[in-house]
Structure formats: C-alpha cells, structure tokens
Amino acid sequence: MPVFSSKKKSDEYCCKIFTMDAELQFTVEATAKGHTLFSLVCQTIGLREHWYFGLKFLDKITNEWTWLQMNKTILSQPLHILSNTILSKRPDSPNTSDNFKPHLLRSPPTSASNSTLSLPSSLSSGGQQYPKGTLELYFVVKFYPEDITNELIQDITRHLFYLQVKQDILNMDIYCPPDTAAHLASLALQAKFSDYDQIISSSEPFNLESEALLPLSCFQKIELSRTDWFDRIIALWRTHASLTRDESEMAYLKHAQDLDMFGLSFFEISKMQGANKSNTLSQQQSDQPSIAAELWLGIDSLGIRFYKKNKLRPEVFFSWCDIKSVTAHDKKVILNMAGDKHATFAFYSAKSSVSKEILDLATGNHELYMRRRREESIEIQQMRYFEEQQKKEKLRVFARERQLRLQAEKERDEIERKFIEYQQQMKEIHDTLLKYQEAAELLARKAHISSEEARLQAEKAIEIETQLERCKYEMNRNEEEKRLYARQISECEQIISTLVNDSVKNRNEAEELKLEVAKWRVAEAAAREKLLSITQLNQSIAVSTAAQHAQHNLAQSSPRTISPPPYRPMHRVQEPNPNDERAYLIEKQSKQAQLALQLQDLKNVIQSKTIEGQKTQLDMDYEQNLAVGDNKYSTIQKASSGTASKRMAMLQDL
C-alpha cells in the first residue's frame, strides 16, 4: 500500500479511506494537501477517471458531510482526528439509532438509518485498534455522466458507480418503484453470483435471506411476504442467464439511469432571506436568520432544476449552456444567465456551507458539461483505445468460450439422447428376455404333462394286456366264453392299437417340445450377452461425460476479474456455426419477452397489493407522472421549453 511519510514521526497522520468495497490506509504528512491523498487513492485502486469522484468526511463542527477541498491542506479542514487508540463502535444493523451512515454520503446524516444493509465487517465491529491521529474519509461518486453507457471507460469506474447507485437505491436516496427495484435486484444477484441454475447445482451454500435486495419501503407498503418477493426476484434472475458480471452491472446502471432522481443532488432553497415573524428570540439575535423552504434545487450533469412540490417533476430547468456563471456569498447564490447580463436569479440556502456545496457541484458539473462537448484529450483517447482493445479481447475470449459451451452442450445432448436410446433398448431386451423365460417355462410344463400322459397310457396298455391274458386263460375253460372273449379280445386289441398310436404320438410331441426348449435356452443366452455389452458401453459413456463436466466446471471456476492472457491457438479455430448464432439470438429474444411478461405481472400484483396508507409523497408523485404518461426525460423537456427569459419569469413566479 502506498505510504506518504516524512522524516518526523510526529508530523505524520494515518488516513483511513473507505471506498464502496474496500478499506485503504495511508500515512501522510501534516502539510499534505487534499489532492495528494486523492491521487494516492486513485493510484492504489487503478482509477484514471478520477474527475467523477471525491473524498467526503464528517465535519467536526457542523456534524455534516463535507467534500474535501483538493487545494487545501488536509489538517486545515474540519476533520475528526481520532486521538484514542480504540475507535468507537459503529452501528451494525438497520434498526440502530446512530446517525452514522458511511455509504450514504449524498445527503446529511439523519436521526435513523433507512438502509436495509448492514455495514461491512471492517466498519461494524466495535473496538477497532487505530493509531493515534487517525483521519477518516470516504471515497464516493461526486459527479455523474450524462450517458452512463458511453461515457464510462474503465471497468473499475463502472463498478464503483454500480456500487454507489445500488447503495443509494437501497437507502432510498434515489426513488425507485417496487417493480423496478425487483428487476434491479435480480441484476445485482446475477452480477454477484452469476447464473442461478449454476449456483443451485453447485455444492456451495447459498442463502438469499442474507442478501440486501430491496429498499425497506417495498416491504412496508406492499402486502407481499419476503418469500413471495424472493420467488419473483429469482424468476427474474433466471432470465439473465449467461450475463457476465460486467454486462449485469452495466444493465443495472442503464435501468437506474432512467430513474427520476438518478445523479441529482437536492437542496432546500428560498427566494427570500429574512427573519420570520415566528422566529424565536435566539434566532433573531443570531447572525444566521432562518429561511422558509419554498423550493427544491436539483443539480446534475445536465443542468439545474427547480422543484415546487413534486420532486419527480421539475417546474423549471436550465441547461448548463443557459447558465453563464454561478456565484455564492454566505447563504446567497446567484445564477447568471448567458446572453443577458440582467437575467439573474438569486436564492438563499439554510447555511453558508450548503451554498458552498451548491457552488462546488455547479462548477464541477458545468466544467464536465463543457469538457464533454470539446474534442477528447489524448489521455481520454488513449484510455478509450486501451479499454476497447481489452473489451475486444474479452469479447473474443467470451465468444470462443460460448462456442465451446454450445459445442459441449450439443455433445452433452447427443450423449443424453444416445443414453436414452440405450436405456430403451435395454428395456426392450429385458422385456424380450422375460418373454423367452416365460415361454421356456410354459414349454417345459407342457413337455412334462405330455410325458406323464404317455406314462399313464403305457400303464393302461399293460393293464389291458394283463386282462387279455386272463381272458385267453378263461377261453380254454369255456367255448362260449371263448367266443365272448374273442369279441372282447378284438375290441381290446383295437383299443391297444389306438393307445399305442397315441403313446407314440405323445412321445414324438415330447421330443419336439424338448427341442423347442433347447432353442429358447440358446436365445436367452444370446440376449444376456447383448445386455452385458450394452451395460459396459453405458459405463464408458458415463465416465466420459463426468470427465467433460469436470473440464467444463474447471473452465468456469477461473476468476473473472483478472484479464486472461491473449489466446494464441495452435491450430485454426473453427468458425462459429450460423445455426448456433441464430439459436443464441432466438434464446435471447425469448428471455427478453419472458422478462417483460414477468415484470408486467409483478407490476399488476404490486398495484393490487399496495397499502394506500403506507404510500409516501414520492409514491403519489410517481403515480401522478405515470397517469399522464410522463417520465424523467419528458418532464425535463417540458421544464426546459421556452426561452431562457420566459423560464426565468416562470421561476420568479413560483
């Protein structure tokens, strides 16, 4: 970590810098200026688009958030210097009554935190050991671009903007409708965890309850349980499959940019300064007379807006090209319009520090507005060229990975199809084998029955022969009986011949059945051999499939934040298949259509489940704009219609 040190230990101070996702520590000299510390932070995190950011601290005199002045020494500004070695305990839950909000730095501290997020472990743990003479500052976004899609160049810049905007939405500094908040929450989950199906299929523990997804107002004014919210967010999350972290964060910023309060800094102002009749005696004696808050002033990258009642609908808008200069003296701020030196508008803020902040933000936004309309500097061109080359390399690697993934999915589908076919064949062979076994058993039973019948007929023939012998014996005794017996003998001989013929026939049938049983046994043995060969083939296919999945998981487990080295294939890469590209586009369109249907369904559910008594003024203002078909850009267009002098007259009449 960079360290700025001097020879004397007593002239050194420890500076704790908190970014949105990190904590930095520097040692600086007592005479170091603000830009020295700011440059150290930018160099440490690799940030070159430094003009969007600034350092904030908690003023020890006014107890308000104040921007660090870059051209002044750090110690000449009212920072808290921690003289104790133990840092006081910070709030670690949204229910705390402490007014310390380390990430919510766009507005002054309030008496209670509205955030649904807990502080990082580095901030929430009490009793941290800090060196004596420690200064605390916060590195946050100060100025916003006009078009966040095209103006941000570096990935680190986009990531810091994403974290800042996400935090402002969750803390309700930026008003966000519930359906849009759920959509943004699904993009945030995709950026953090990647595809939902991949997370579920992995063995890593995953708990959605611990994630901060929605502003607290969504749970207060909508009659939906946390489970219902999570289910709908997961359904939206699944439509973002295959989006990378960079793409998810950029999509988040694109949708957040359309919110009415995106990039705006609001200030309460009045057109008149003076003592009110209801002022207390202490206020009359003080040098800071109170003001009646009549208007809201909004400053952003496009210009200055004035609001009367509806903070989502500006009454008058002046672009930076309409404003010649902005001056501030004590609590008074004067806008000088371009083209007419007499066209001025003066207003008053509650404190002189607020006037200074208005002047600082107006000057910075005006300078960036003019810079964007001039030719890009060599530094910007180099940065843009370098980032474009990196983006092309990432896209090339991503295209190849997508091609390999599609090819692997094709092979997997083919293997699964073959596996199903083999399973069907195994089932058919198994059924045939069972039929063969049943037929063989039936033939064996028939053969056994035929042999039993032949045995019984043979016994019956023997018995008849015995009777015939007895008859012959009796014939010698009586002639009459001989004739009678002769007839019986002839009948018996006929019966015997019939039985002998039947016995021969049954014996032949038994022999034929035995031959048929032998044939069925041979067929059964052949079926068993075929079943064994198919089982061995399925085992080899399962082993190859497991190896391919292991290689695919290993490729996906590589870190995404580190740019891979340039890919130099040893052989020519196969050209993408047009059919695969067409299938990818069709899948993307179907996901977009599914996302639109889910968002419309969620919007209908929210409208039916909204608790009327829990609506805020911003909710009613949003519904009013929605009823007349207005959005952020149409309201700006209406507020900027007419000449500058006409808008100045409208502003005077507010």
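Residues numbered from 1 in each chain as written. Predicted model: local features only at pLDDT ≥ 70, side-chain atom pairs only at ≥ 80, totals over all residues. Heavy atoms only, no water.

We apply this condition: UniProt positions are given in the numbering used here, feature names are shortened, and annotations may be inferred rather than shown by experiment.
As recorded by an unreviewed UniProt entry, the chain carries the name FERM domain-containing protein and is attributed to Adineta steineri. You can read under Subcellular location (unreviewed entry) in the UniProt record for the chain the words "Cell membrane".

## Describing the overall build of the chain
Condition: Helix and strand labels come from DSSP, where a helix needs a run of H or I of at least four residues and a strand needs a run of E of at least two; each type is numbered from the N terminus. Partly exposed describes any residue whose relative accessible area lies between the buried limit of under 20% and the exposed limit of over 50%, with all areas from a 1.4 Å probe on protein chains only and scaled to the type maximum. Contacts between residues were defined by any pair of non-hydrogen atoms, one from each residue, lying within 4.5 Å. Computed with the Shrake-Rupley method and a 1.4 Å probe, the accessible areas treat only the protein chains shown as cover for residues.
Across its full length, the chain holds 17 helices and 13 strands. Within the span of the chain, comprising 654 residues, buried residues form 38% of the whole. For the chain, the share of sequence-separated contacts (at least 6 apart) that also reach a separation of at least 24 residues comes to 71%. With an accessible surface of roughly 37400 Å², the chain has 53% of that area assigned to carbon and sulfur atoms.

## Points about the nonpolar core
Filter applied, for reference: In these notes, a set of buried Ala, Val, Leu, Ile, Met, Phe, Trp, Tyr and Cys residues joined through side-chain atoms within 4.5 Å is what counts as a nonpolar core. As annotated, the domain borders come from an automatic or database domain assignment.
Counting residues in hydrophobic clusters, the biggest one holds 107 residues, and the most contacted among them are Ile17, Phe139 and Phe306. Here the element with the most residues in this core is helix α5 (residues 178-193); it accounts for nine residues. A domain-level breakdown of this core finds at least three residues from each of domain 1 (11-84 + 131-142) and domain 2 (146-263). Not counting chain neighbours up to four residues away, the residues in contact with Phe306 comprise Ile269, Trp296, Leu297, Pro314, Glu315, Val316, Phe318, Leu335, Phe345, Phe347 and Leu651.

## Details of the packing of aromatic side chains
Applicable threshold: Ring pairs shown here join Phe, Tyr and Trp side chains whose ring centres sit within 6.5 Å, with only the six-membered ring taken for Trp; geometry is labelled stacked below 30 degrees between planes, edge-to-face above 60, and tilted in between.
With the rule as written, the count across this model stands at 20 aromatic pairs. With a centroid separation of 5.1 Å and 85° between ring planes, the pair formed by Tyr162 and Tyr252 is classed as edge-to-face. Here Tyr162, found in helix α4 (residues 155-170), pairs with Tyr252, found in helix α9 (residues 245-257); they are 90 residues apart in sequence, far enough to count as distant. With centroids separated by 6.2 Å and ring planes inclined at 50°, the aromatic side chains of Phe193 and Trp237 adopt a geometry described as tilted. Taken together, the residues span a long stretch of sequence, with Phe193 in helix α5 and Trp237 in helix α8 (residues 226-238) at a distance of 44 residues. Take Phe193 and Trp237: they sit in the same class, and that class is buried.

## Observations regarding helix α11 (residues 352-372)
As a reminder of what qualifies: By this rule the span expected of a helix is its residue count minus one, scaled by 1.5 Å.
Helix length check: α11 (21 residues) gives 30 Å between terminal C-alpha atoms against 30 Å at 1.5 Å per residue, within 8%. Looking only at α11, the buried set comprises Val354, Ser355, Glu357, Ile358, Leu361, Ala362, Gly364, Asn365, Leu368 and Tyr369.

## Details of helix α15 (residues 617-627)
How we decide: Working definition: the arc comes from the directions between the helix axis and the C-beta atoms, pointing outward to the latter.
Considered for burial, the residues of α15 that qualify are Asp619, Asp621 and Asn625. Angular distribution of buried residues about the axis of α15 spans 165°; they occupy a single face of the element. Those residues of α15 that are buried are in contact with α7 (216-221). Phi for Gly629, located one or two positions after α15, is positive at around 80°.

## Overview of the sheet that holds strand β8 (residues 295-299)
Heads up, the condition is: The pairing criterion is simple: DSSP has to find at least two bridges between the two strands. Lines are fitted to the C-alpha atoms to define the axes, a helix being fitted only along its stretch in contact, and any angle between axes, read from their N-to-C directions, falls within 0 to 180 degrees.
Taken in spatial order, the seven strands of this open sheet run β10-β9-β8-β7-β13-β12-β11, and their pairing is antiparallel. Each end of this open sheet is capped by a strand with a single partner; those strands are β10 (316-319) and β11 (323-329). In this sheet, neighbouring strand axes are inclined to one another by 30° on average, regardless of whether the strands run parallel or antiparallel. Across four bridges, β8 lies against strand β9 (residues 303-307) in antiparallel orientation.

## Quick notes on the side chain of Gln77
So the rule is basically this: For this analysis, a polar contact is any N or O atom pair within 3.5 Å, provided that within protein one partner can donate a hydrogen and the other can accept it, and provided that sequence-adjacent residues contribute only side-chain to side-chain pairs.
Within the element layout of this structure, Gln77 appears in the loop between β4 (65-67) and β5 (81-82). Within the structure, the side chain of Gln77 is placed 2.8 Å from the backbone nitrogen of Gln69, a separation counted as a polar contact.

## Quick word on the environment of Ile61
Here Ile61 lies in the loop between β3 (53-58) and β4. Residue classification places Ile61 among the exposed positions, given a relative accessible area of 68%.

## Some thoughts on the pattern of salt bridges
Opposite charge on two side chains lets them pair, provided their charged atoms get close. The following threshold applies: Put simply, a salt bridge is a Lys or Arg side-chain nitrogen that is within 4 Å of an Asp or Glu carboxyl oxygen.
Throughout the structure, instances matching the rule amount to 33 salt bridges. Residue Arg372 pairs with Glu146 through a salt bridge whose shortest N-O separation is 3.0 Å. Pair noted here: Arg372 is in helix α11 and Glu146 is in the loop between β6 (134-141) and α3 (148-151), with a separation of 226 residues, a long-range link. Across the pair Arg313 and Asp630 runs a salt bridge, and its minimum N-O distance is 2.6 Å. With Arg313 in the loop between β9 and β10 and Asp630 in the loop between α15 and α16 (632-639), this residue pair connects regions lying 317 residues apart in the sequence. Shared partners join several salt bridges into a network, and the residues in it are Asp155, Arg158, Arg245, Asp246, Glu249 and Lys394.

## Describing the confidence of the model for the chain
To keep it simple, the criterion reads: For every residue, the pLDDT score states the predictor's confidence, bounded by 0 at the bottom and 100 at the top.
Averaged over every residue, the pLDDT of the chain is 79; the share at 70 or more is 80%. Ignoring residues within four places in sequence, the model shows residues 274-293, a span with pLDDT below 50, making 19 contacts including any to other chains.

## Here's the deal with the pairing of strand β2 (residues 23-29)
Burial along β2 is one-sided: Leu24, Phe26 and Val28 are buried, and none of Glu23, Gln25, Thr27 and Glu29, which face the opposite way, are. As paired elements, strand β1 (residues 12-18) and β2 share seven bridges and run antiparallel to each other. Bridge pairing in β2 links Tyr13 to Val28. Where β1 hands over to β2, the hairpin turn is made up of four residues, counted between the paired strands.

## Things to note about the pairing of β10
The alternating pattern of β10 places Val316 and Phe318 on one face and Phe317 and Ser319 on the opposite face, and all of these are buried. With four bridges joining them, β9 and β10 adopt antiparallel strand pairing. Within the sheet, the bridge partner assigned to Arg305 lies in β10 and is Phe317.

## Focus: unusual backbone geometry
Residue Ser194 is not a glycine yet carries a positive backbone phi of 70°. Position of Ser194 among the secondary structure elements: in the loop between α5 and α6 (196-201). Residue Ser194 is classed as buried on the basis of its relative accessible area, which comes to 7%. Here Ser242, not a glycine, exhibits a phi torsion of approximately 80°, which is positive. Its place among the elements puts Ser242 in the loop between α8 and α9. The class of Ser242 is partly exposed, set by a relative accessible area of 25%.

## Things to note about the environment of Lys609
By the secondary structure assignment, Lys609 is in helix α14 (residues 578-609). Look at Lys609 and you get partly exposed, because its relative accessible area is 34%. Dropping the residues within four chain positions of it, Lys609 is found in contact with Lys221, Ile222, Glu223 and Leu224.

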